[in-house]
Structure formats: C-alpha cells, structure tokens
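Each chain is listed here by its residues.
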Amino acid sequence: MGAAVASLSYFASGAAAGDRKPSGHLMHDPTLTSLPAMPVPQPEATPKAVGQSSPLGTVAAFNAASENLLPGTPRSEFPSKWSTSPMLEGFLGQHASTASRRIVDVYVNSTLGSIRIKAYRIGYYHGTGQRLVWTSGIVHVWRQRRPTFRPVTRMVSCPWKVTTSIDTTGWPEGFYYLVLAGASGQNHLIPLVVESASVKGKAVLVFNDCTMQAYNIWGGRSLYTGPGHSRAARGSSRSYKVSFDRPYRNFIEFEAQNVPLIRAAEAIEDVNLTLAYTTEARICGNADLVRGAAAVVFSAHSEYWSPTLRRTIEGARDRGANIVFFGANNVYWRTRLERGSTGKDRILVCYRKAHLDPVRRKHPAAVTTQWRQEPASRPESTLTGSLYGDLRSKGMFTVTDPDFFAFAGTGATRGATYAGLTGGETDRVYPTSEYPGFKYPEDLHIFAHSPESGGHTRHGWSDSTFYTVPSGAGVLNMGTMNWLQAQVDAAVPARSRAFARRVTQNIIRKASLGPLGAPPKSRERPQRPPGEVTAKGTSSARGPIPF
C-alpha cells in the first residue's frame with residue numbers, strides 16, 4: 001500500500017519548495033503549471049447534464065476507507081497541463097460546497113465557445129490517486145469583462161457573470177480537482193472542497209486556500225509581487241489586498257502542499273478512521289465550524305491566519321481537539337478577510353507593515369503584520385510550538401526521541417537520519433534567554449532536532465515539536481515544509497518516503513482517536529549548538545531571525 005502511494009508523484013521533482021520566494025522569503029513559482037505528462041482525457045460517451053450527480057458513486061454515511069475501495073481513474077485519463085491564459089480559466093463563487101449550500105457557482109472566461117466540466121475526487125483509490133465522480137454536459141462559455149484594478153490597495157478582481165452552477169448534492173465529501181476541459185487539450189484546474197456536513201469526532205483536513213490566494217499571481221499581482229523590471233520594483237508594487245474572485249495560477253501549491261496529505265490520510269485502511277474536509281477561509285468565517293472535531297490537520301503550508309482563524313483553532317485545542325501542522329512557516333502573517341462582490345470573506349488583506357494598515361489606530365489587534373510583531377505581538381510559537389526559522393533549507397531529519405508515538409512501527413532509533421524530509425522552509429525553537437520575546441508552551445517536547453542550512457543560517461536547526469494543554473489536546477508541528485511533498489517525490493530515498501508516510505499516518509490515526517495527552521519524555525533535550533554561521537559567514541550564537 002505504502003509503495004503505491006509513493007509512486008504517485010504528481011509534481012515535478014525539481015520543484016522543491018526552497019528556491020523561490022521574493023524579498024528573502026520562499027515563494028513557490030506561480031508560473032509552474034505543468035505536471036508530469038499524461039494523455040488528455042477523452043470525451044465522455046454519454047455526458048451528464050450540468051448540475052446532475054453522476055451515477056459513478058452514491059453516498060450514504062460517508063467513510064473515507066470505504067470510498068477508497070472504489071476503482072479510481074487512471075492517470076492516463078487525467079490532464080497533465082493547466083491553462084493559465086484567457087483561452088480557458090475560471091474560479092468558484094464560494095470557498096467550498098457546504099451542507100447548507102451544495103450548489104456551487106462557476107465563473108469561466110474562455111475563447112473556446114464550449115467546454116465540459118469534470119470533477120475528480122482526490123484520494124488513494126488503490127494507488128491511482130483520484131476518481132472521476134461527475135461530468136457535465138456541454139457548457140457554453142464566453143469572454144468575460146476585463147478585470148478591475150483598485151490603485152489604492154492594488155487589488156485585481158474579476159467582475160464576471162456566473163457561467164454555470166453545479167449541484168454537488170450526493171457527491172462524496174473531500175477535496176476535488178474541478179477540471180474545465182476544453183478542445184485541443186486545453187484544461188484549467190479549480191480546487192474544490194465538498195465540505196463535511198459534520199466534523200464531530202473526526203479528523204478535519206484543511207485546504208490552505210488563504211495561503212494559496214496570497215501567492216496567486218493571476219492578473220500580475222499577489223501579496224508578494226507586482227509589475228516591474230527589477231525585484232525591488234516588483235516587491236514595492238505588490239498588492240495589499242487580493243481577491244478570491246479570480247482564477248488560480250499557482251497550481252503547484254495545491255498539488256505539492258495539500259494533495260499528499262489527502263492521499264496519505266485516505267490510504268489508511270481503517271474503517272473507524274473518520275475524516276472531514278474544509279478550508280482556511282471557511283474556518284475564518286465560521287467560528288463554530290470545527291467545534292467537536294477530534295483533530296484539525298493543516299497541510300504543508302498554512303501561513304496566512306486571521307485573528308478569527310487563530311481564536312477558533314486555539315479554542316478547539318482548549319476544548320480537546322488535537323492540532324497538527326504537517327509543514328512549516330505556519331501562522332506567520334496576521335490577515336483579515338473582507339466582503340467582496342460575490343459574498344463575505346472574498347478579499348484577503350495583508351499590508352505587512354503596520355504603518356500602511358488603515359486600521360492601525362482603531363483596531364491594533366487586527367493590524368496585518370507578522371504575528372510575532374507589534375502592535376499586537378503573539379508569536380506563532382504559542383500555538384504551533386516553534387517559530388519560522390529558515391528558507392531554501394536543506395537538512396537531514398534526525399530523530400531525538402524514538403519512543404515518541406509518531407515513530408511507532410518505523411524502527412527509528414535515537415539519532416536515526418532520513419534524507420529529503422527536512423527542507424524548503426523550516427521552523428525551530430530559539431533560546432528564550434537570547435530571544436525573550438519568543439514564548440513557548442511550558443511542556444514543549446522536541447522529538448526531532450534536525451541540522452539544516454539555508455537562506456538565513458549556514459548551520460541551523462529544524463525542530464519537530466509537540467505539547468499538550470489542560471484539555472488533554474496535543475499540538476504537533478513537523479517543522480519542515482518538505483515533509484508531505486517528499487513522500488511522493490521519486491528523488492527522495494525510498495527509505496525516507498516510507499518512514500514519512502508511516503509517521504504521517506500514525507499521527508493522523510492517533511490524533512483522530514481523541515486528546516493525545518502527555519507525550520513521552522525524551523531522555524534529554526537536544527543540545528543547542530554553541531554557535532551558528534550565518535549565510536554571510538559570520539559566527540553568531542544567536543543566529544539571524546527572519547523578520
């Protein structure tokens with residue numbers, strides 16, 4: 001089973017997460033739109049009418065293990081490239097298909113005249129990785145209005161008309177590739193989440209749609225970059241607000257940071273494991289959405305958090321829900337969501353600098369800076385357990401506590417190393433004696449202390465951490481962005497892939513059973529290195545802090 005999962009490499013192995021972020025911070029390449037070559041899907045012999053559920057699968061009481069016993073759709077029938085041009089592009093008018101709103105509006109801009117829409121549910125499916133759940137009839141498409149641009153906030157949005165609406169009633173819960181399929185191999189991807197009607201007692205997998213939108217460069221602007229002939233010019237023309245009312249271009253973010261988590265979770269052959277599905281933006285706008293969940297599980301890159309999202313997750317933790325971060329650089333930027341033309345929470349705001357944010361005087365706690373910065377400093381470590389430390393990182397995942405529950409059945413020993421798992425962006429624990437502004441949970445447990453080097457430190461560390469709170473809930477942070485995508489990267493040693501898959505599944509299975517309680521104590525805490533060598537080559541016991 002595990003070997004089959006490892007073979008599903010849906011992203012270019014060279015697209016490691018450590019090489020592309022402007023202004024000293026990792027950014028996944030927004031122009032990378034191709035997946036490994038796969039034949040263009042053939043037209044359906046008897047297409048279904050738009051808005052009608054396909055008979056390919058029916059839903060009673062949803063169970064991911066039972067769903068994944070169904071035959072999947074081979075990769076040979078799945079697109080290999082995604083259109084990023086006005087020839088074919090689109091977006092959804094809501095963040096997810098929800099129990100109260102299963103009909104989803106689709107906005108399409110195209111010169112093709114007509115297309116079909118296909119919905120592939122992402123899962124394990126005996127190693128094929130996805131299942132075709134629904135196919136539309138012919139959908140007529142047209143050129144939509146030009147996007148609008150707001151000079152003050154530099155926000156690009158699309159004032160388009162609804163092209164069609166899809167009734168997802170009866171579709172199995174989960175994450176989907178919604179594929180706009182046109183002639184001549186033109187296809188466009190829209191991530192879709194069919195949200196669970198109930199999360200009670202379940203492990204909730206969260207799509208990082210706020211983070212994905214922050215990086216989305218459709219229309220020439222994102223929260224990182226805008227037009228310009230130099231890097232400095234592009235950085236200074238970045239957006240302060242970005243709209244969900246526009247197509248995605250950064251498909252690799254969805255594929256590398258979310259899909260491996262879904263497939264690893266759904267490959268667990270346990271009918272007692274119950275999974276649920278939602279998005280960051282949905283939690284931001286619905287404070288009770290994860291109430292009663294056994295665990296809330298974030299993917300490899302959950303960087304942009306509103307105060308509401310943070311309060312909701314901390315509240316869930318304090319009521320007994322385990323919180324899992326399978327990546328790094330989480331809870332880094334404080335954001336807020338505002339109403340857009342298609343509804344609430346459709347505009348993501350992040351000025352990054354306090355003096356730029358117009359709410360800085362009336363609502364200082366809402367100012368969109370880093371969470372660790374003033375005027376309302378709350379370092380991410382008080383939730384995640386560690387802090388963002390490095391980018392363009394390369395390291396060696398190193399076990400320091402083989403008795404930790406996540407390592408059960410792996411054969412890991414103290415000091416065991418696994419290549420390819422520590423990298424991209426990494427988190428670490430800084431000594432509070434030198435950085436008193438950084439706070440950590442009192443019972444913080446470091447179960448892996450891994451050497452790494454990157455853009456900020458030549459000889460640094462990545463820390464995988466765990467702590468518990470009085471409710472009994474545990475919070476686990478792997479501290480490395482490569483953790484998930486390495487599991488399906490053929491360039492990573494098979495031994496490391498198998499180890500990471502087993503650890504990932506151990507964590508999900510255990511977290512879904514209820515509060516994780518106190519962790520086993522390691523024999524000794526990892527020793528802090530006497531000094532680090534910065535990227536510029538100067539020795540420093542403190543090491544640079546990435547502000």
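As the structure is a computational prediction, the values presented were derived from the model and not from experiment.

A. Region of interest: the overall build of the protein chain. A count of helices and strands for the protein chain gives 11 helices and 26 strands. For the protein chain, buried positions account for 63% of its 547 residues. In the protein chain, 76% of the contacts between residues at least 6 apart in sequence involve partners at least 24 apart. Counting every atom, the protein chain has about 19,600 Å² of accessible surface; 54% of that belongs to carbon and sulfur.

B. Expanded view of the sheet that holds strand β18 (residues 336-340). Reading across the sheet, the three strands line up as β12-β19-β18 and stay open at both edges, with antiparallel pairing between neighbours. Because the sheet does not close on itself, it has two edges, and the strands there are β12 (241-243) and β18. Pairs of neighbouring strands in the sheet enclose a mean axial angle of 45°, with direction left out of account. Pairing between β12 and strand β19 (residues 343-349): three bridges, direction antiparallel. Residue pairing across strands places lysine 241 opposite valine 349, the latter belonging to β19.

C. Region of the structure containing the packing of aromatic side chains. Inspection of the entire model under this criterion finds 37 aromatic pairs. Here the aromatic rings of tyrosine 215 and tyrosine 304 are separated by 6.5 Å at their centres, their planes lie at 85°, and the arrangement is edge-to-face. Within this pair, whereas tyrosine 215 is found in helix α3 (residues 209-215), its partner tyrosine 304 is found in strand β15 (residues 304-305), the two being separated by 89 residues in sequence. The buried category is assigned to tyrosine 215, whose relative accessible area is 1%. By way of ring pairs, the aromatic residues Phe62, Phe78, Trp82, Tyr120, Phe175, Tyr177, Phe207, Phe251, Phe254 and Tyr277 are connected into one cluster. Residue placement shows arginine 310 over the ring face of tryptophan 371; its charged tip is 4.7 Å from the ring centre. A cation sits over an aromatic face here: arginine 428 above tyrosine 430, 4.4 Å from the ring centre.

D. Looking closely at the nonpolar core. Within the largest apolar cluster, 110 residues are counted, with the highest numbers of intra-cluster contacts made by Phe326, Phe397, Trp483 and Phe499. Ignoring anything within four residues of it in the chain, the contact list for phenylalanine 499 reads Phe397, Val399, Phe407, Thr410, Ala412, Tyr418, Leu421 and Trp483. Listed in part, the 20 residues of the second largest apolar core include Leu92, Trp171, Leu180 and Leu192.

E. Region of interest: the pattern of salt bridges. Taken as a whole and judged by the stated rule, the model has 13 salt bridges. For aspartate 105, the salt bridge goes to arginine 101, with nearest N and O atoms at 3.6 Å. Exposure remark for arginine 101: the relative accessible area of 39% places this residue in the partly exposed category. A salt bridge links aspartate 357 to arginine 336, with the shortest nitrogen-to-oxygen separation between them at 2.9 Å. Of this pair, aspartate 357 sits in the loop between β19 and α9 (381-384) while arginine 336 sits in strand β18, and the two are 21 residues apart along the sequence. Overlapping salt bridges, with partners in common, bring together Lys241, Arg336, Glu338 and Asp357 in one network.

F. Quick peek at the pairing of strand β8 (residues 164-167). Burial along β8 is one-sided: the residues Thr164 and Ile166 are buried and none of Ser165 and Asp167 is. Pairing of strand β2 (residues 103-110) with β8, which is carried by four bridges, proceeds in the antiparallel orientation. Its bridge partner being in β8, aspartate 105 is matched across the sheet by serine 165.

G. Broad picture of the confidence of the model for the protein chain. Confidence in the prediction for the protein chain averages 86 pLDDT; 84% of positions are at 70 or higher. Confidence drops under pLDDT 50 across residues 1-59; counting only partners more than four residues distant or on other chains, this segment forms 177 contacts. Overall, residues 522-543 carries pLDDT values under 50, and its contacts beyond four positions in sequence, including any with other chains, amount to 52 contacts.

H. How the structure looks around the state of the cysteines. Enumeration according to the criterion identifies zero disulfides in this entry. Take cysteine 284: it sits in no disulfide, and the sulfur closest to it among the cysteines is that of cysteine 210, at 4.4 Å. On the basis of relative accessibility, which here comes to 9%, the residue cysteine 284 falls in the buried class.

I. Structural view of the side chain of threonine 480. Take threonine 480: it is sitting in the loop between β24 (474-477) and α10 (482-485). Once you skip the residues sitting within four places of it in the chain, threonine 480 turns out to touch Phe326, Gly327, Ala328, Leu421, Thr422, Gly423, Glu425, Thr426 and Ser462.

J. Representation of the pairing of strand β13 (residues 275-279) in the model. The element β13 is extensively covered by neighbouring structure, given that five of its five residues are classed as buried. Side chains Leu275, Tyr277 and Thr279 of β13 all project onto a buried face; the interleaved residues Ala276 and Thr278 project onto the opposite face, where all are buried too. As paired strands, strand β11 (residues 203-207) and β13 are joined by five bridges and run parallel to one another. Counted as the bridge partner of valine 204 is alanine 276 from β13.

K. Inspection of helix α6 (residues 259-266) at higher detail. Across the eight residues of α6, eight count as buried, placing the element largely inside the fold. Along α6, the positions that sit buried rather than exposed are Val259, Pro260, Leu261, Ile262, Arg263, Ala264, Ala265 and Glu266.

L. Examining empty space enclosed by the protein more closely. By the definition in use, this model includes three cavities of 30 Å³ or more. The calculated volume of the largest cavity comes to roughly 170 Å³. Elements supplying a minimum of two residues to the lining of the largest cavity: β1 (88-92), β10 (187-194) and α3. Estimated volume of the second largest cavity: approximately 40 Å³. Forming the walls of the second largest cavity are Phe62, Asn63, Ala64, Lys202, Leu273, Thr274 and Leu275.

M. Summary view of the environment of histidine 363. Mapped onto the secondary structure, histidine 363 falls in the loop between β19 and α9. In this structure histidine 363 comes out as partly exposed when scored by relative accessible area, which is 48%. Separated by 13 residues in sequence, histidine 363 and alanine 376 place their C-alpha atoms 9.9 Å apart.

N. The sheet that holds β8, seen in detail. An order of β1-β2-β8 is seen for the three strands of this open sheet, with the pairing classed as antiparallel. In the strand order of this sheet, the two ends are held by β1 and β8, each with one partner. Neighbour-to-neighbour, the strand axes of this sheet turn through a mean angle of 30°, independent of strand direction. Looking at chain direction, β1 and β2 are connected through five bridges and run antiparallel. Within β2, the position partnered with leucine 88 by the bridge is serine 110.

What counts, and where the lines are drawn
- Residues numbered from 1 in each chain as written.
- Predicted model: local features only at pLDDT ≥ 70, side-chain atom pairs only at ≥ 80, totals over all residues.
- Heavy atoms only, no water.
- Helix = DSSP H or I, 4+ residues; strand = E, 2+ residues; numbered from the N terminus.
- Buried < 20%, exposed > 50% of the residue type's maximum accessible area, 1.4 Å probe, protein only.
- Contact = heavy atoms within 4.5 Å.
- Areas by Shrake-Rupley, 256 points an atom, 1.4 Å probe, with all protein chains shown as cover.
- Pairing = 2+ DSSP bridges.
- Axes fitted to C-alpha atoms, helices over the stretch in contact; angles between N-to-C directions.
- Phe/Tyr/Trp six-rings, centres within 6.5 Å; stacked < 30°, edge-to-face > 60°.
- Lys NZ or Arg CZ within 6 Å of the ring centre and 35° of its normal.
- Core = buried A, V, L, I, M, F, W, Y, C linked by side-chain atoms within 4.5 Å.
- Salt bridge = Lys/Arg side-chain N within 4 Å of Asp/Glu carboxyl O.
- pLDDT = per-residue confidence, 0-100.
- Disulfide = S-S within 2.5 Å.
- 1 Å grid on protein atoms, 1.4 Å probe; cavity = no way out; pocket = protein on both sides within 12 Å on 5 of 7 lines; lining within 4 Å.
- Points joined across faces, edges and corners; volume = space filled by probe spheres on them.

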